[in-house]
Amino acid sequence: MSVWIVVVAAGSGARFGGPKQYELLGSSRIVDRSMATACRVAEGVALVVAPDDLEELRAQFRSLPKVVVVAGGATRSASVRGGLAAVSDDAKVIVVHDAARPLATDASFEQVIATISSGADAAVPGIAVVDSLRRTDGGIVDRGGVVAVQTPQAFRADLLRRAHRDELEASDDATLVEMIGGKVVIVPGETTNFKITTSHDLKVARMIVADEGAS
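As a convention, each chain's residues are numbered from 1 in the sequence order in which they are written. Where totals are concerned, whole chains, interfaces and linings use all residues; where local detail is concerned, this predicted model gives features only for residues with pLDDT of at least 70, and gives and counts side-chain atom pairs only at 80 or more. Side-chain figures throughout are based on the complete set of non-hydrogen atoms in the structure, without hydrogens or water.

Chemist: How should the pattern of salt bridges be read in this particular structure?
Modeler: Should their charged atoms come close, side chains of opposite charge can pair. We count a salt bridge whenever a side-chain nitrogen from Lys or Arg sits within 4 Å of a carboxyl oxygen from Asp or Glu. Enumeration according to the criterion identifies 11 salt bridges in this entry. Here Glu212 makes a salt bridge to Arg33, at a shortest N to O gap of 2.9 Å. With Glu212 in helix 7 (residues 199-214) and Arg33 in helix 1 (residues 30-41), this pair connects stretches of sequence that are 179 residues apart. A residue is classified by how much of its surface remains accessible, and Arg33, at 22% relative accessible area, is partly exposed. Residue Arg81 is joined to Glu169 by a salt bridge in which the shortest nitrogen-to-oxygen separation is 3.1 Å. Residue Arg81 is found in helix 3 (residues 76-86), and its partner Glu169 is found in the loop between helix 5 (157-164) and helix 6 (173-179); the two are separated by 88 residues along the sequence. Think of it this way: any DSSP run of H or I at least four residues long counts as a helix, any run of E at least two long counts as a strand, and we number them from the N terminus. We call a residue buried when its accessible area falls under 20% of the maximum for its residue type, exposed when it is over 50%, and partly exposed in between, using a 1.4 Å probe and counting protein chains only.

Given below as structure tokens:
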């Protein structure tokens, strides 16, 4: 099945204090590591960046025919829609991945893609929540029925396009697909596939990459 990946790298990094996707992780930037993984496992990759970064990133990836670089929007969902517009009409599986999760492995991508190839509407990696959870208005949340979801998230291409047709907003694409009746399958996630949100996250990611290089 033809697979395309939308890599979302258009955020301003407000909580981080700047566009974290361009921070160094080992010898390459966060966005470069995410793109390298995406390019290994897909026929085509749509990289979504901030409008101000568009020309620079297009110049960087010009030599890779499978990569298309497009401008993002004001929200995450709008940026994904920008990426979808660049995906080939022949794509049967579309994966959406946050560039800020640069430690996602090839196996994580392959797992969610295989789940769609087996007939699922959507496949999302999830890991068990180990912390106790409380509601802000009081009361404990049963963590037994909760997982922390990650990207890459894979979808039937037609279903994901339909989920974005009405330009609705959600924190992730699986939520949009569920809103139109799609069924989401949770697959095992990876504890190292965390989203780099703070400077501490970046320090941890750098230590993991350094350990990889030393092994």
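Chemist: Where do I start with the side chain of Arg101 in this structure?
Modeler: Relative to the elements of secondary structure, Arg101 occurs in the loop between strand 6 (93-98) and helix 4 (106-117). Charged-residue counts in this description rest on Lys and Arg as positive and Asp and Glu as negative, His and the chain ends being excluded. Of the side chains with opposite charge, Asp98 lies nearest to the buried Arg101, which makes no salt bridge, at 4.2 Å. Contacts are assigned to residue pairs with any non-hydrogen atoms lying within 4.5 Å of each other. Beyond its immediate chain neighbours, meaning those up to four positions away, Arg101 contacts Ser34, Val149, Gln150, Thr151, Asn193, Phe194 and Lys195.

Chemist: Looking at this model, I keep getting lost on unusual backbone geometry. Mind explaining?
Modeler: Glycine aside, residues mostly have negative phi, and peptide bonds are mostly found in the trans state. Cis geometry marks the peptide bond from Thr151 to Pro152; its omega dihedral reads 15 degrees. With respect to the element layout, Pro152 can be found in the loop between strand 10 (147-149) and strand 11 (153-156). The phi angle at Glu167 is positive, at roughly 55 degrees, despite the residue not being glycine. Assignment of secondary structure puts Glu167 in the loop between helix 5 and helix 6. With a relative accessible area of 57%, Glu167 lands in the exposed category.

Chemist: What is the right way to look at the nonpolar core in this model?
Modeler: Side-chain atoms within 4.5 Å are what join buried Ala, Val, Leu, Ile, Met, Phe, Trp, Tyr and Cys residues into a set we call a nonpolar core. Of all hydrophobic cores here, the largest spans 30 residues; its most connected members are Ile5, Val7, Met35, Val45, Leu47, Val69 and Val95. Of all the secondary structure elements, the ones that give two or more residues to this core are strand 1 (3-9), helix 1, strand 4 (44-49), helix 2 (54-61), strand 5 (67-71), strand 6 and helix 4. The leading source of residues in this core is helix 1, at five residues. Once residues lying within four places of it in the same chain are set aside, the contact partners of Val95 are Val3, Trp4, Ile5, Val6, Phe109, Ile113, Pro152, Gln153 and Ala154. By size, the runner-up hydrophobic cluster in this structure holds 25 residues, among which are Val87, Phe155, Leu159 and Leu160.

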